[in-house]
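The residues making up each chain are set out below.
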Amino acid sequence: MKWHKPVRAALAAAFVALAGTAAQAGPIMDQIRARGALNCGINTGVAGFALPDARGVWQGLDVDLCRGLAAAIFNDVSKVRFIPLSSSTRFTALGSGEVDVLFRTSTQTMLRDTTLGLRHTVTYFYDGHGFIVRNSLGVQRVRDMAGATICLIQGTTNEQVTADYFRSVNVQFRPVVFERTDQAAAALQAGRCDSFGTDASQLAAVRSTMQTPSDWTILPERFSKEPYAGYIRRGDDEWFDVVRWYTTAIIEAEELGVTSANAEEMRRTSTNANVRRLLGATPELGQSLKLDAAWAYNAIRAIGNYGELYERTMGERTPVALPRGPNRLWTDGGLLYALPMR
């Protein structure tokens with residue numbers, strides 16, 4: 001079709017206007033840069049995801065994702081403020097602006113996405129609801145826990161999943177609700193509960209902190225899909241893009257074999273177009289996010305790729321010792337899959 005000159009002129013003007021709008025970093029990014037630090041919401045304490053070490057330094061998968069995002073923005077992992085939040089307060093804190101992003105074992109659900117004024121970005125961890133029991137109880141399957149007292153965390157999908165399951169098999173149970181995982185774990189250890197119901201990764205974390213971890217069994221059944229993602233407030237598409245594509249870049253790095261150790265050499269020598277784009281040897285990805293060309297390179301150099309993160313925080317050589325399972329790359333039979341970064 002041949003456009004008349006007035007139409008072409010109008011289209012060109014509209015394109016320029018849109019381009020000018022896209023050039024703005026977005027209000028949340030402006031606030032972060034003006035503040036000089038990223039405010040990142042994390043768990044109050046779950047091994048493997050977010051837990052202070054003996055020196056009081058936060059460690060874990062979610063913590064490192066916060067640090068990596070700070071590196072992508074500032075090229076400095078120290079420019080992040082960790083804000084521990086309970087399950088019942090996390091979304092309120094995000095919605096009120098107390099935190100810029102939530103990396104806090106938060107499941108993506110339809111109602112959370114459509115009713116809270118929030119957006120989840122991209123899946124970085126796949127999990128499922130399960131139960132842990134003391135071996136001495138002799139429980140082999142969940143339906144055998146008739147009348148059991150079960151610890152649960154307030155404000156989680158696990159409350160509903162547990163109630164739905166026991167109702168479906170017409171079995172009664174007694175819930176005991178806590179605000180934090182460490183409180184539920186202490187109650188379980190003390191014998192106040194027969195079981196604890198939450199996501200399997202967090203059950204593995206709880207077991208690793210028990211006085212005698214071998215006394216406890218995580219039952220093999222899974223009762224839900226619990227895909228975790230970073231959450232942000234609605235209304236800032238530019239910030240959504242940054243968090244979404246930053247998380248994707250950490251997964252893409254593992255797919256491409258880029259690690260914290262070899263990122264510098266690969267940036268200099270790789271002829272792979274995907275590697276060159278990811279590491280900023282060509283600048284278009286950074287330009288599209290209004291970040292430095294080396295944004296992903298800086299993050300990967302600081303925290304590693306997804307596989308490095310996983311093995312360091314909850315892999316087989318850690319106390320959590322959780323097999324990657326569905327969190328393996330799609331090329332290795334898992335569910336992790338980086339959207340094309342081009």
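For the structure itself, consult the block above.
Since the model is a prediction, treat every value here as computed from it, not as a measurement.

**Q** How do you make sense of the packing of helix α9 (residues 237-256) against helix α13 (residues 295-303) when you look at a structure like this?
**A** The packing of two helices is summarised by the inter-axis angle and the distance between the axes. Two elements in contact, α9 and α13, have axes whose closest approach is 10 Å; the angle formed by their N-to-C orientations is 60°. Here α13 runs oblique to α9, going by the angle between their axes. Handedness of the α9/α13 crossing: right-handed. Contacts between α9 and α13 pair Trp245, Tyr246, Ala249, Ile250 and Ala253 from the former with Trp295, Ala296, Ala299, Ile300 and Ile303 from the latter. Its residues placed into classes, the contact of α9 with α13 shows ten nonpolar, no polar and no charged.

**Q** What should I look at first to understand α9 in this one?
**A** Two residues of an α-helix separated by three or four positions point the same way, owing to the 3.6 residues in each turn. The first and last C-alpha atoms of α9 sit 27 Å apart over 20 residues, in line with the 28 Å expected at 1.5 Å per residue. Glycine 257, located one to two residues past α9, shows a positive phi value of around 75°.

**Q** What exactly am I supposed to notice about the packing of helix α3 (residues 61-74) against α9 here?
**A** Running from N to C, α3 and α9 point in directions that differ by 120°, and their axes come no closer than 11 Å. Put simply, α3 runs oblique to α9. Where α3 crosses over α9, the handedness of that crossing is right-handed. Residues Asp64, Leu65, Gly68, Leu69, Ala72 and Ile73 of α3 lie in contact with α9, whose contacting residues are Trp239, Val242, Val243 and Tyr246.

**Q** Teacher, can you tell me more about the environment of threonine 149 here?
**A** Relative to the helices and strands, threonine 149 is located in strand β8 (residues 149-153). C-alpha separation for the pair threonine 149 and isoleucine 251, spaced 102 residues apart in sequence, amounts to 39 Å. Contact partners of threonine 149, with chain neighbours within four places excluded, come to Arg174, Val176, Arg192, Cys193, Asp194 and Ser195. Within polar-contact distance, the side chain of threonine 149 engages the side chain of arginine 174 at 3.1 Å.

**Q** How should the sheet that holds β8 be read in this particular structure?
**A** By way of backbone hydrogen bonds, the strands of a sheet pair with one another, either parallel or antiparallel. In spatial order, the strands read β9-β8-β10-β7-β11; together these five strands make up an open sheet with mixed pairing. Here the strands that pair on one side only, and so sit at the sheet edges, are β9 (174-178) and β11 (216-218). Here the strands of the sheet are splayed against their neighbours by 30° on average, with no regard to which way each runs. Of the pairings in the sheet, the one linking strand β7 (residues 129-134) to strand β10 (residues 195-199) comprises five bridges and is antiparallel in character. Its bridge partner lying in β10, histidine 129 is registered against aspartate 199. Sheet strands in contact with helix α7 (residues 181-190) are β7, β8, β9, β10 and β11, and its direction is about 165° off that of β8.

**Q** Sorry, what's going on with the nonpolar core here?
**A** Most often, soluble globular proteins keep nonpolar side chains buried together rather than apart. Membership of the largest hydrophobic core comes to 81 residues, with the highest contact counts inside it found for Leu69, Phe103, Phe125, Trp239, Tyr246 and Trp295. A total of ten residues in this core trace back to one element, the largest contributor, which is α9. Not counting the four nearest positions on each side in its chain, leucine 69 is found in contact with Leu38, Val101, Phe103, Trp239, Val242, Val243 and Tyr246. By size, the runner-up hydrophobic cluster in this structure holds 14 residues, among which are Val139, Val142, Phe166 and Val169.

**Q** How do you make sense of the state of the cysteines when you look at a structure like this?
**A** What we call a disulfide is simply a covalent bond connecting the sulfur atoms of a pair of cysteines. All chains considered together, the criterion is met by two disulfides. Linked covalently through their sulfurs, cysteine 40 and cysteine 66 form a disulfide whose S-S length is 2.0 Å. Taking the torsion about the S-S bond as the criterion, the cysteine 40 to cysteine 66 disulfide, at about -70°, is left-handed. With cysteine 40 in strand β1 (residues 38-43) and cysteine 66 in helix α3, this pair connects stretches of sequence that are 26 residues apart. In this pair, the class of cysteine 40 matches that of cysteine 66, namely buried. Note that cysteine 151 is cross-linked by a disulfide to cysteine 193, the S-S spacing being 2.0 Å. Taking the torsion about the S-S bond as the criterion, the cysteine 151 to cysteine 193 disulfide, at about 90°, is right-handed. In this pair, cysteine 151 is assigned in strand β8 and cysteine 193 in the loop between α7 and β10, connecting sequence segments 42 residues apart. Regarding the disulfides, the protein carries the connectivity 1-2, 3-4 under sequence-order numbering of its bonded cysteines.

Calculation rules
- Residues numbered from 1 in each chain as written.
- Predicted model: local features only at pLDDT ≥ 70, side-chain atom pairs only at ≥ 80, totals over all residues.
- Heavy atoms only, no water.
- Axes fitted to C-alpha atoms, helices over the stretch in contact; angles between N-to-C directions.
- Helix = DSSP H or I, 4+ residues; strand = E, 2+ residues; numbered from the N terminus.
- Parallel < 35°, antiparallel > 145°, perpendicular 65-115°, else oblique.
- Left-handed = near helix turned anticlockwise from the far one by under 90°.
- Contact = heavy atoms within 4.5 Å.
- Nonpolar A, V, L, I, M, F, W, Y, C, P; charged D, E, K, R; others polar.
- Expected span 1.5 Å × (residues − 1).
- Polar contact = N/O pair within 3.5 Å; in protein donor to acceptor, adjacent residues only side chain to side chain.
- Pairing = 2+ DSSP bridges.
- Core = buried A, V, L, I, M, F, W, Y, C linked by side-chain atoms within 4.5 Å.
- Buried < 20%, exposed > 50% of the residue type's maximum accessible area, 1.4 Å probe, protein only.
- Disulfide = S-S within 2.5 Å.

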